[in-house]
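Commentary on secondary and tertiary structure
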Amino acid sequence: MEARAGDGARALLRVLRDLPGEVCPEEPLAPHTTFRIGGRAAALYRPPTADALVEAVVRARSHGFPWLLLGGGSKVLVPDRGFPGLVLSTAELRSWREEDGVLVAGAGVPLSRVARWGGWKLAGIPGTVGGAVTMNAGTRYGSIGEQVLWVRALLPDGRVRTFAPVECGFAYRDSLFRRLRLPVLSVALRPDRRGDLAPLLAERARTQPLDLPSAGCVFRNPPGQSAGWLIDQAGLKGARIGDAVVSERHANFICNLGHARARDVLELVDLVQDRVVSRFGVRLRLELEVVGA
Ligand SMILES: Cc1cc2nc3c(=O)[nH]c(=O)nc-3n(C[C@H](O)[C@H](O)[C@H](O)COP(=O)(O)OP(=O)(O)OC[C@H]3O[C@@H](n4cnc5c(N)ncnc54)[C@H](O)[C@@H]3O)c2cc1C
């Protein structure tokens, strides 16, 4: 059934009407996330260029619309009620240039392509370059921040600025771009170890529930501890609310068995946090990005 555009969608369509590319009113967001959960956005826009993305964000800000960047949607939980503003998908920003061994990639380039190019440690992480830099995605072998030479991002005043690595504030699954909500437009990376990705991909297939929708690790590892181990030891593998379940294969994953709602996931998050606190006295913090939280 075709969704009728509500007031928010109509206002956004008006504000963005002369921009290039597609604006989809009342777009369901679940298919744009690896969790396959969540309601509709008032509108989803896929800017074909970084300039169009900048212009859309500037206009959304000046008209007071809530807005949100979406890469591969592999770290987000969208609420059941959806998002009452503009979702900007970076899917079309796939520019790719190699110069003197340095890769300059648009925010929407799939991370898998970077892993094959020269980011061995990133093998198997879904999503985009922009999302990975924002989250400082990585594995126990290292994070993408270690490869960054510069990042071009949009400032709150509408200017685009190039950030040197020391200015990016990279930390464990965190960056300045995440903390200040600065849209990442493009990134320059130096190659890291090049190697056979197959063993890393096989290890993931063995240890992660890749057959079910999820958003990867739900909780951050507390300093010196493994969130997955704490959840497992608290007896929570298989704990289920609605169609949201703590994975039997990897306790730090919550999976969608088919029709999980965001509410189910959030109730399960509360249950896990409460049980881990009462068993170990450790409060697990979310790594999952809950939209609008
Ligand atoms: C099966 C599975 C395994 C995973 N394994 C790992 C792992 O080993 N290591 C790891 O670190 N992560 C892992 N993840 C999580 C996720 O893949 C990474 O965090 C990834 O880098 C997110 O990228 P994305 O493009 O999907 O971001 P999204 O989920 O689209 O967005 C994540 C956050 O970044 C923001 N964002 C997205 N793009 C931009 C941009 N261009 N500019 C500014 N902000 C932006 C969003 O608004 C949101 O707040 C896994 C996820 C899954 C489903």
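The preceding data block contains the structure.
Presented here is a report on the structure given in the accompanying data block.

Reading guide: rules and limits
Along every chain, residues carry numbers that run from 1 in the direction the sequence is written. In keeping with the predicted nature of the model, local features appear solely for residues at pLDDT of at least 70, side-chain atom pairs appear and are counted solely at 80 or more, and the whole-chain, interface and lining totals rest on all residues. The basis for every side-chain value is the complete set of non-hydrogen atoms in the structure, without hydrogens or water. Each helix is a run of DSSP H or I of at least 4 residues and each strand a run of E of at least 2, with the numbering of both proceeding from the N terminus. Only C-alpha atoms enter the radius of gyration, while the globule expectation follows 2.2 Å times N to the 0.38, with N the number of residues. Relative accessibility decides the category of a residue: with a 1.4 Å probe and only protein chains considered, values under 20% of the type maximum give buried, values over 50% give exposed, and everything between is partly exposed. Contacts: residue pairs with any heavy atoms within 4.5 Å of one another. Per-residue and other accessible areas follow the Shrake-Rupley method at a 1.4 Å probe size, with only the shown protein chains counted as cover for residues. The sign given to each residue is positive for Lys and Arg and negative for Asp and Glu; His and the chain ends receive no count. The atom standing in for a charge is NZ when the residue is Lys, CZ when it is Arg, CG when it is Asp and CD when it is Glu. Polar contacts here mean pairs of N or O atoms no more than 3.5 Å apart (in protein, one a potential hydrogen donor and the other a potential acceptor; neighbouring residues in sequence count only if both atoms are side-chain atoms). Whether two strands pair depends on DSSP finding at least two bridges between them. Between N-to-C directions, angles cover 0 to 180 degrees, with each direction set by a line fitted to C-alpha atoms, over the stretch in contact for helices. Distances are taken per atom, and a residue is near a molecule or strand as soon as one of its heavy atoms is within 4 Å of it. Any residue outside Ala, Val, Leu, Ile, Met, Phe, Trp, Tyr, Cys, Pro, Asp, Glu, Lys and Arg is labelled polar, Gly included; the first ten of those are nonpolar and the last four are charged. In this scheme Phe, Tyr and Trp rings, the latter by its six-membered ring, pair at centre separations within 6.5 Å, and the angle between planes marks the pair as stacked below 30 degrees, edge-to-face above 60, and tilted otherwise.

Overview of the overall build of the protein
When you go through the protein residue by residue, the secondary structure sums to eight helices and 17 strands. Against the compact-globule benchmark of 19 Å for 293 residues, the protein has a radius of gyration of 19 Å, which places it among compact chains. Its C-alpha atoms give the protein principal-axis dimensions of roughly 55 × 50 × 30 Å. Split into buried and exposed, the 293 residues of the protein put 51% on the buried side. Counting only contacts in the protein whose residues sit at least 6 apart along the sequence, the fraction spanning at least 24 positions is 62%. Of the accessible surface of the protein, which amounts to about 13700 Å², a share of 51% is contributed by carbon and sulfur atoms. Distance between charge centroids for the protein: 2 Å, based on 39 positive and 30 negative side chains.

Topic: the side chain of Arg220
Of note, Arg220 is situated in the loop between β13 (214-217) and α7 (227-233). Looking at Arg220, its side chain comes within polar contact range of the main-chain oxygen of Tyr172, at 2.7 Å. For Arg220, the residues in contact, after removing those within four places along its chain, are Tyr172, Arg173, Asp174, Ala227, Leu284, Arg285, Leu286 and Glu287.

Looking at the sheet that holds strand β10 (residues 148-154)
Judged by pairing direction, the sheet is antiparallel, and its five strands sit side by side in the order β6-β7-β12-β10-β11 without closing on themselves. Two strands lie at the open edges of the sheet, namely β6 (96-99) and β11 (160-163), each paired on one side alone. Within this sheet the neighbouring strands show an average axis-to-axis angle of 15°, counted without direction. Packing of helix α3 (residues 111-118) onto the sheet brings it into contact with β6, β7 (102-106) and β12 (184-189), and relative to β6 it is tilted by some 20°.

Observations regarding the site of the ligand
Taken together, 36 residues lie around the ligand, and Leu69, Gly71, Ser74, Thr128 and Gly138 are the ones closest in. The separation between an oxygen atom of the ligand and a polar main-chain atom of Gly73 is 2.9 Å. Measuring from an oxygen atom of the ligand, one finds a backbone N or O atom of Lys75 at 2.8 Å. Within the complex, the protein chains bury 92% of what would otherwise be the 960 Å² of accessible surface of the ligand. Counting residues per element, the ones that place at least two in the shell around the ligand are β3 (67-70), α4 (129-135), β8 (138-139) and β13. Broken down by element, the residue count for the shell around the ligand peaks at five residues, all from α4. Among the residues forming the shell around the ligand, the class breakdown is 16 nonpolar, 16 polar and four charged.

Describing the packing of aromatic side chains
The relative placement of two aromatic rings is captured by the distance of their centres and the angle of their planes. One pass over the full model with this rule turns up three aromatic pairs. Note on Trp229 and Phe280: the rings are 6.0 Å apart at their centroids and 45° apart in plane angle, and the pair reads as tilted. On the criterion of sequence distance, the pair formed by Trp229 in helix α7 and Phe280 in helix α8 (residues 262-280) is long-range, its members being 51 residues apart.

Things to note about the environment of Arg178
By the element assignment, Arg178 lies in helix α5 (residues 176-180). Owing to a relative accessible area of 25%, Arg178 belongs among the partly exposed residues under this scheme. A sequence separation of 47 residues divides Arg178 from Gly131, and the C-alpha atoms of the two residues are 9.2 Å apart. Not counting the four nearest positions on each side in its chain, Arg178 is found in contact with Thr134, Met135, Arg173 and Glu289. A distance of 3.0 Å separates polar atoms of two side chains, one belonging to Arg178 and the other to Asp174.

These figures capture arrangement, not role.
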